[in-house]
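This is what each chain is made of:
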Amino acid sequence: MRIIRKSPGKRTTGRAFFRSLEFWHLFFRIVLIVSLIPLAVISFYNHASADDYAFSNYPHHAWEATGSLLGFFQGCLKQLHWSYTSWQGCFTAVILGTLDPVAFGDSWYAAVAFITFGLLIVSNLVFWRTLFGRQADSQTQRRQRMLADIAACVTSLVMIQLVPRALDMFFWWDGAVNYLPFYTSMLLLSAVLIQIYREEQLSAPKLVPAAILSFLSMGGNYATALVNLLLVLSFALLLLVRRRREWIPYLAILVSGVLGLAVSVLAPGNGVRMEQEGSYGTGSLVQAVIHSISLAGQSIQQQTGVMLLLLLALLVPFFLLLVREWDTEETKSGNDFWSLPAMPVLLLFFLIYAASYAPTVYVYGDGGPMRVEDVRFFYMVTFGAVSELFLIGKVYHALREQACSEVPWLSRWVVSIVAFIVLFTGMYYVLPRENRETLTSLCAARSLLIGEAQRYDREMKERAALLNDPATDGQDVIVKAVSERPYLLFLYGLELTEDPDYWINRTVAEYYDKKSVTLEDINLEAPE
């Protein structure tokens, strides 16, 4: 078999279509859409938890009192002011946290997963289309878009299915908005920087949004802020080394990011929170850097499993096709991506990834909560896929004279890997109960098939009905613990307790205008 390349104005038909780029473009889009179906269905049984109530408290009451968006946004600003002065300086994350769908009512929380999955997939699509797109004839540009779409589908599949804990990143609003938007801002910022890099003259319509995006991306957690800052700095240094004057606009974007980081770091609330929680970190910048590099290496080893390697292997023939599309006079002159030395580029990707550990190591002495590991996994997948493309390009151009004119093994390569993935999934992920959380879509499908998600939804709706009852306003309310705890929907360790003064109990009571809220019975053991 060999990949069939269409001639302009002709259509591929019959068996040839199943060996064409058009077929694989359609195939991977269908796979991605099908994998999202159980995730979309289970999202309708999702309910708010913990910090959702804390950050949407003011906006919720403003919306209930005024019924207007103006009043709602005033509540958002009130929450931002309180948080910035009393708890944390991550201003962009706080604003996003106040936009929690639960602020408009419990029934709106089903929208969370649609927003988070959509944000991830769209940002991946924008990034890969920008990276793959070059000035060329319409037919070539069309092939480049199809290859970019395939890369976006595969990387999105990897991130969605293999993320360490999908609940934190896709089904819990407050957990997601503290990390996911800042990973996606890295992709969008990279797309803009790539466009600027390829242009001879810089246009203000690209510089201004990039500077604003850089500023806002620093208003999130410090792990992603440091990664985004180093990324912009790396682009500026690349241009400086190549003696191109466009490094000055990159410097402006970098300064904008530094200002955003300063606004976040200097917030009075950071000091208040540090006094309450304390610091258990290294206390030494040098030790934090060394420990971060060690943790990054360990994380890559632990998370690089068979399924991840198989999914990334799917990209090999498509990346090779792209490299051939880019085989122009520009690349032959050496003034392009492939002319960069391999080891420094790969080392740079690793060090930027390792930098995501530095803030949590410096303050807490470890890698931080699981949702930080989720976003680090996203970085690992993106940097890994770009490194894969880079190495394929290096090898191809090193062997240019011996390179074949077609890719005759593309279909067989992809079909073999897809078959192996299906077999591997069936053997290790479908039947055993203990592995149900490994692939996110299978976890969702299983939860729906056994009725677990539906029973959890009924119990949570009964709780919400009690808490929303105006007759209980200003009173002490006792709610029952849920008996069903779906892996994708229930936040272990962040549930109501028997203590009415526990912070989650207090925030839920304030949200629903109760004197206190207490859990009647606790029998919640996290799954092994």
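All values reported here derive from a predicted model rather than from experimental measurement.

Peer 1: For the overall build of the protein, give the residues involved together with the corresponding values.
Peer 2: Across its full length, the protein holds 25 helices and two strands. Of all 528 residues assigned to the protein, the portion counted as buried reaches 51%. Taking contacts inside the protein between residues at least 6 apart in sequence as the whole, the part at least 24 apart equals 80%. For the protein, the accessible area works out to roughly 24,200 Å², and carbon and sulfur atoms hold 63% of it.

Peer 1: I'd love a proper account of the environment of D174, names of residues and values included.
Peer 2: With respect to the secondary-structure elements, D174 resides in helix α9 (residues 173–177). Overall, D174 belongs to the buried group, its relative accessible area being 6%. The spatial distance from the C-alpha of D174 to the C-alpha of V112 is 9.8 Å, given a sequence separation of 62 residues.

Peer 1: Could you give me a rundown of the packing of aromatic side chains, with the residues and numbers involved?
Peer 2: Given two aromatic rings, one states the distance between the centres and the angle between the planes to describe the pair. A full pass over the atoms with the stated rule returns 31 aromatic pairs. Plain terms: the ring middles of F72 and F104 are 4.6 Å apart, the flat faces sit at 25° to each other, and that makes the pair stacked. Linking F72 in helix α4 (residues 69–86) with F104 in the loop between α5 (91–98) and α6 (111–132), this pair joins segments that are 32 residues apart in sequence. Each ring, one from Y183 and one from F378, has its centre 5.4 Å from the other, and the planes form 55°; the classification is tilted. Of this pair, Y183 sits in helix α10 (residues 180–198) while F378 sits in helix α21 (residues 370–398), placing them 195 residues apart in sequence. Look at F378 and you get buried, because its relative accessible area is 0%. What links up through ring pairs into an aromatic cluster is the set F117, F170, F171, Y183, F349, F378, Y379 and F383. When the ring centre of Y357 is taken as origin, the NZ or CZ atom of R376, which lies over that ring, is 3.8 Å away.

Peer 1: Residue-level account of helix α3 (residues 57–66), with values.
Peer 2: Because an α-helix packs 3.6 residues into every turn, residues spaced three or four apart end up facing the same way. For α3, the set of buried residues is N57, P59, H60 and A62. Considering only its buried residues, α3 is in contact with α2 (51–55), α4, α5 and α25 (503–511). Just beyond α3, the residue with positive phi is G67, at close to 65°.

Peer 1: Outline the nonpolar core, supporting the account with residue identities and numerical values.
Peer 2: Judged by nonpolar contacts, the single largest core of 109 residues is most densely connected at W128, F132, F170 and F378. The element contributing the most residues to this core is α21, with 14 residues. Membership of the second largest hydrophobic core comes to 22 residues, among which are V112, V177, L467 and Y512.

Peer 1: Explain unusual backbone geometry to me, and be specific about the residues and the numbers.
Peer 2: Of note, A50 is a non-glycine position whose phi angle comes to about 45°, a positive value. Structurally, A50 can be placed in the loop between α1 (21–42) and α2. By relative accessible area, A50 is classed as buried at 2%. Even without being a glycine, D513 presents a positive backbone phi close to 60°.

Peer 1: An account of the packing of α3 against α4 is needed here, citing residue identities and associated values.
Peer 2: Contact geometry of α3 with α4 gives a least axis separation of 7 Å together with a crossing angle of 155°. One finds that α3 runs roughly antiparallel with respect to α4. In this structure, α3 meets α4 at a crossing whose hand is right-handed. Within the contact between the two elements, α3 uses Y58, P59, A62, W63 and T66 and α4 uses L69, G71, F72, G75, C76, K78, Q79 and W82. A per-class count over the contact of α3 with α4 returns eight nonpolar, four polar and one charged.

Peer 1: Before we move on, could you go through the side chain of S123 and cite the residues and values that matter?
Peer 2: As for its position among the elements, S123 is in helix α6. S123 gets classed as buried once you look at its relative accessible area, which sits at 2%. At a separation of 2.8 Å, a polar atom in the side chain of S123 contacts the main-chain carbonyl oxygen of L119.

Peer 1: Outline the pattern of salt bridges, listing residues and values.
Peer 2: On inspection of all chains with the given rule, the structure shows eight salt bridges. Across the pair R142 and E22 runs a salt bridge whose closest N-O atoms are separated by 3.3 Å. Residue R142 is located in helix α7 (residues 138–162), and its partner E22 is located in helix α1; the two are separated by 120 residues in the primary sequence. Overall, the relative accessible area of 30% leaves R142 in the partly exposed class. Under the relative-accessibility criterion, E22 is labelled buried at 12%. Measuring nitrogen to oxygen at the nearest pair gives 3.3 Å for the salt bridge that ties D457 to K461. Highlighted residues: D457 and K461, both in helix α24 (residues 452–467), separated by four residues, approximately one helical turn.

Peer 1: So what's going on with the pairing of strand β1 (residues 476–479)? Which residues, and what values?
Peer 2: A one-sided burial pattern is seen for β1, the buried positions being V477 and V479 and the unburied ones D476 and I478. Crossover handedness for the path β1 to α25 to strand β2 (residues 516–519): right-handed.

Peer 1: I'd love a proper account of the packing of helix α16 (residues 306–313) against α21, names of residues and values included.
Peer 2: The axes of two packed helices give the description: the angle between them and the distance between them. For the pair α16 and α21, interaxial distance at closest approach is 11 Å and the crossing angle is 40°. Between α16 and α21, the crossing angle belongs to the class labelled oblique. Read as a crossing pair, α16 and α21 show a hand that is right-handed. Residues L308, L312 and A313 of α16 touch α21, and the partners they reach there are F377, M380, V381, A385 and E388. Residue composition of the contact of α16 with α21, grouped by class: seven nonpolar, no polar and one charged.

Peer 1: Lay out empty space enclosed by the protein in plain terms, naming residues and giving numbers.
Peer 2: If a probe as big as a water molecule is rolled over the atoms, it shows which places are left empty. Under the definition given, this model contains three cavities of 30 Å³ or more. Listing elements by their share of the lining of the largest cavity, those giving two or more residues are α24 and α25. Take the lining of the largest cavity: its biggest share by element is five residues, from α24. Looking at side-chain class alone, the lining of the largest cavity contains 14 nonpolar, two polar and three charged residues.

How each quantity is defined
- Each chain has its residues counted from 1, following the order in which its sequence is written.
- Given that the model is predicted, a residue must reach a pLDDT of at least 70 before its local features are reported, and side-chain atom pairs must reach 80 or more before they are shown or counted; all residues, however, enter totals for whole chains, interfaces and linings.
- To get the side-chain values, take all heavy atoms of the structure and skip hydrogens and water.
- Only DSSP runs of H or I covering at least 4 residues are called helices, and only runs of E covering at least 2 are called strands; the numbering of each starts at the N terminus.
- Partly exposed describes any residue whose relative accessible area lies between the buried limit of under 20% and the exposed limit of over 50%, with all areas from a 1.4 Å probe on protein chains only and scaled to the type maximum.
- Whether two residues are in contact is decided by their heavy atoms, any of which lying within 4.5 Å being enough.
- Here the open area of atoms and residues is found with the Shrake-Rupley method and a 1.4 Å probe, where only the protein chains shown may cover a residue.
- Any Phe, Tyr or Trp ring, taking Trp's six-membered ring, that has another such ring centre within 6.5 Å forms a pair; planes under 30 degrees apart are called stacked, those over 60 apart edge-to-face, and the others tilted.
- When the NZ atom of lysine or the CZ atom of arginine is within 6 Å of a ring's centre and also within 35 degrees of its normal, the charge is said to sit over that ring.
- Side-chain atoms within 4.5 Å are what join buried Ala, Val, Leu, Ile, Met, Phe, Trp, Tyr and Cys residues into a set we call a nonpolar core.
- Orientation is described by lines fitted to C-alpha atoms, with helices fitted over the stretch in contact, and by angles between N-to-C directions that extend from 0 to 180 degrees.
- Here the word oblique covers every angle except those under 35 degrees (roughly parallel), over 145 (roughly antiparallel) and from 65 to 115 (roughly perpendicular).
- Working rule for handedness: look at the near helix, and if it is turned counterclockwise from the far one by less than a right angle, call the crossing left-handed; if clockwise, right-handed.
- Note on residue categories: nonpolar means Ala, Val, Leu, Ile, Met, Phe, Trp, Tyr, Cys or Pro, charged means Asp, Glu, Lys or Arg, and polar means any other residue, Gly included.
- Think of a polar contact as two N or O atoms within 3.5 Å of one another; within protein, one of them needs to be a possible hydrogen donor and the other a possible acceptor, and neighboring residues in sequence only count if both atoms come from side chains.
- We count a salt bridge whenever a side-chain nitrogen from Lys or Arg sits within 4 Å of a carboxyl oxygen from Asp or Glu.
- Whether a crossover is right-handed comes down to one check: with the strands pointing away from the viewer, does the path from the first strand over the helix to the second run clockwise; if it does, it is right-handed.
- Definitions used for this entry: grid spacing 1 Å over protein atoms alone; cavity, a set of points where a 1.4 Å probe fits but cannot get out; pocket, an open set with protein on both sides within 12 Å along at least 5 of 7 lines; lining residue, one with an atom within 4 Å of a point.
- Grid points are joined across faces, edges and corners, and a volume is the space filled by probe spheres set on the points.

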